[in-house]
Amino acid sequence: LAPSRRVGDGTSAGRGSAAGARVRLAAAAVREVVSPALAQRTAPVPVVVLSGFLGTGKTTLLKHWLENAEDRIGCIVNDVASVNIDAKLVKNQKLNTQRQLDTIELQNGCACCNLGEELMDSIFNLLDLESEGGKPFSCIVVELSGVAEPRRVRDLFMQLKTEVAMELADGSDMPPVPFELSKVVTILDSSTFCTDYMEFSRIADRPELAEEGAANDAQYLMVVELLVEQVEAATIVILNKTDLADKETVQATRAVVRALNKDAGILETSFGQIALKNILAQPDAKVADRKAEEEAQSHAESSGNGHTEHDHSEHGHSEHGHAHECDDASCDNASHSHGDAHDHSDGHAHSDSHDHSCGDPECTDESHGHGDAHAHSDGHADSDSHVDVQECTDESHGHGHSHAESKGHSNSHGSSTTAEDRFGIRSFTYRASRPFHGQRFAAALQQWPESRKDCLMEMLLESSSEPEAVAAAQLSPLSRVIRSKGFCWVDTYPSSRMYWSHAGKQMNLEHEGVWWDALTERQKKMLDPLSRDEYERCRREEWDNDWGDRRQELVFIGQGLDEAAIREVLGRCLLTEKEMGPYRTKQEKDKAELTNAYLSQELEETEELEEFV
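Predicted, not measured: the structure shown is a model, and the values here were computed from it.

Draft legend 1. Layout of the overall build of the chain. Looking only at helices and strands, the chain features 21 helices and 15 strands. Residues classed as buried in the chain amount to 55% of the 613 residues present. When contacts within the chain are restricted to residue pairs at least 6 apart in sequence, those whose partners lie at least 24 apart make up 76%.

Draft legend 2. Seen up close, the packing of aromatic side chains. Under the counting rule described, the total for this entry stands at 14 aromatic pairs. Relative to Phe441, the ring of Phe436 has its centre 4.4 Å away and its plane inclined at 15°; by these criteria the two rings are stacked. With respect to class, Phe436 is no different from Phe441; both count as buried. Taken together, the ring pairs in this structure connect Phe428, Phe436, Phe441, Trp448, Trp500 and Phe556 into an aromatic cluster. Here the guanidinium or amino end of Arg72 rests over the ring plane of Phe137, the centre of that ring lying 4.4 Å away.

Draft legend 3. Main features of unusual backbone geometry. Phi is positive for Lys241, which is not a glycine, with a value near 60°. Within the secondary structure layout, Lys241 lies in the loop between β8 (236-240) and α11 (247-260). If you check the backbone angles, Phe271 has positive phi at about 60° while not being a glycine.

Draft legend 4. Quick peek at the sheet that holds strand β13 (residues 496-503). Strand order in the open sheet made by the five strands is β11-β15-β12-β13-β14, with antiparallel pairing throughout. Every other strand in the sheet has two partners, leaving β11 (425-432) and β14 (506-514) as the edge strands with one partner each. Direction aside, the axes of adjacent strands within the sheet are offset by 15° on average. Note: β11 against strand β15 (residues 552-559), eight bridges, orientation antiparallel. Each residue of the ladder has a partner; that of Ile425, found in β15, is Gln559. Running over the sheet, helix α10 (residues 223-232) touches β12 (481-488), β13 and β14 and is turned about 80° from β12. Each of β11, β12 and β15 touches α11; the most contacted strand, β11, lies at about 25° to it.

Draft legend 5. Focus on the environment of Pro46. Counting through the fold element by element, Pro46 comes out in strand β1 (residues 45-51). Note on Pro46: relative accessible area 24%, which makes it partly exposed. The spacing of Pro46 and Val141 is 95 residues in sequence and 8.7 Å in space, taken between C-alpha atoms. The contact partners of Pro46, leaving out residues within four places of it in the chain, are Ser138, Cys139, Ile140, Glu180 and Ser182.

Draft legend 6. Fine view of the packing of helix α6 (residues 119-127) against helix α8 (residues 150-169). One way to put it is that α6 packs onto α8 with a least axis distance of 11 Å and a crossing angle of 70°. Classified by the angle between their axes, α6 and α8 sit roughly perpendicular to one another. Here Leu119, Met120 and Ile123 of α6 lie close against α8, whose contacting residues are Val153, Leu156, Phe157 and Leu160.

So, how was this worked out
- Residues numbered from 1 in each chain as written.
- Predicted model: local features only at pLDDT ≥ 70, side-chain atom pairs only at ≥ 80, totals over all residues.
- Heavy atoms only, no water.
- Helix = DSSP H or I, 4+ residues; strand = E, 2+ residues; numbered from the N terminus.
- Buried < 20%, exposed > 50% of the residue type's maximum accessible area, 1.4 Å probe, protein only.
- Contact = heavy atoms within 4.5 Å.
- Phe/Tyr/Trp six-rings, centres within 6.5 Å; stacked < 30°, edge-to-face > 60°.
- Lys NZ or Arg CZ within 6 Å of the ring centre and 35° of its normal.
- Pairing = 2+ DSSP bridges.
- Axes fitted to C-alpha atoms, helices over the stretch in contact; angles between N-to-C directions.
- Parallel < 35°, antiparallel > 145°, perpendicular 65-115°, else oblique.

From the geometry alone we can't say anything about function, so treat these as descriptive.
Spelled out as structure tokens, the structure:
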């Protein structure tokens, strides 16, 4: 509970300043880079980002898409040579200045090139090939390294779009960006997901998970930490290698993925046999973002700012126990699609569930989700291909809605999903408007027992009556939590926003900058556009006159959770009414010290600049 204190790193702008600077340069370069042909596009090229550990089947999937493309697509990969395209399909190859294979053009018009130092530059370079091939790209696929964090890549696209929009709003004649992020696809190895989830090791200990050299940037990340990041940031999750996993393992993997990401489409296959058209038929990232924003706004209007500590304080965004089984692609009811597609930096958990399946037993269209009852043939007799998607619009497929709503205002608003039906997995959000007492909070976390299981499926199948499970539950009700995350407010550091992240056997509690309320007015004026939007949203929806945006906001996902007991454990950690008086004085003093430190640093930088001039 002792975070490092660095002045001025309290915002997302501070954490991503280097990346933000590169994006601003990319935005400024749009005018120079966009050719007249690109500028005349009626719609931007959709970009599909593909993430996943090395060995999950990313390259096999890419090869399948390139060799079976119905339209012209472009791919940006880490190593063109590793894609191993059939020589008979290759039209042309280009070498870089080091005489290494850099670009492959196929007979069908598709192109595959190496990823450069900057992603945006690589996309523009690929688009330059359009004029050589005549027909425009229908989409661009970007393969990330095995240890890349897809959420950071997603932020780059959002920042570029925002910067260009600001230029256009200021009257610039800059052409619009000719591409936009459409899908974030994460591919998982179904046979290893459950063991990787419970492994307590760093990326540096598992070099086989990343391409040579790529692990250097992420060597200190825990394996499970990056694994859940890839799942939670995805709009589509592919469970690959189902032929290597038994049915129980695949079901457990699917259940956990659904619990981690309520809104992602989930597809199951072997050997990467998923058609690109099925990926493109899924809702775009921007659609999911808009629905998440609409749902958040709806919650704000219906339940106020959520800073009181009675019943309403514990309302999660879309945590009202809805079990939606909607497979109607034309459905625009915002309540049917709430999830983590829009990543709120303040730790909000948006949740709901979708289990999409086609009800026509005679249907042979593989783009329709048919569940376990209808096996898709993908060339592997012993493997099913399951699709959990939202593209079916044929009314003959028996679409229906089953809504089980609980609108009571009790303290329990857990979400019920298909994962709960099989494994008893559910989630809830804990909120409070008082800080944790540092010592009591630390003591409570120390009582959290670590699972002795090395496979998540074994833990989920473990009976609650088994001696080990009983002993763990007696130590702490947190023993059945498999994932938890969010922001903490601890009295020891009144201005510091603490980020809680737990998955499997890994638990982190670290400094995540400072609360918005602790920033000076000058710092707020210097925020980048995305951070400014988030600050203004926070002011509208979550601000408290006394404490600003300080709060507890934690999401818990687990099996057979005793929600009341967990709330009681955390509630005992909160400051009492008597303790709040001295704390208020401490907070005011800490904020003043932080402001003075910032002003001193600013003065020092100004003097250094004047001396240099």
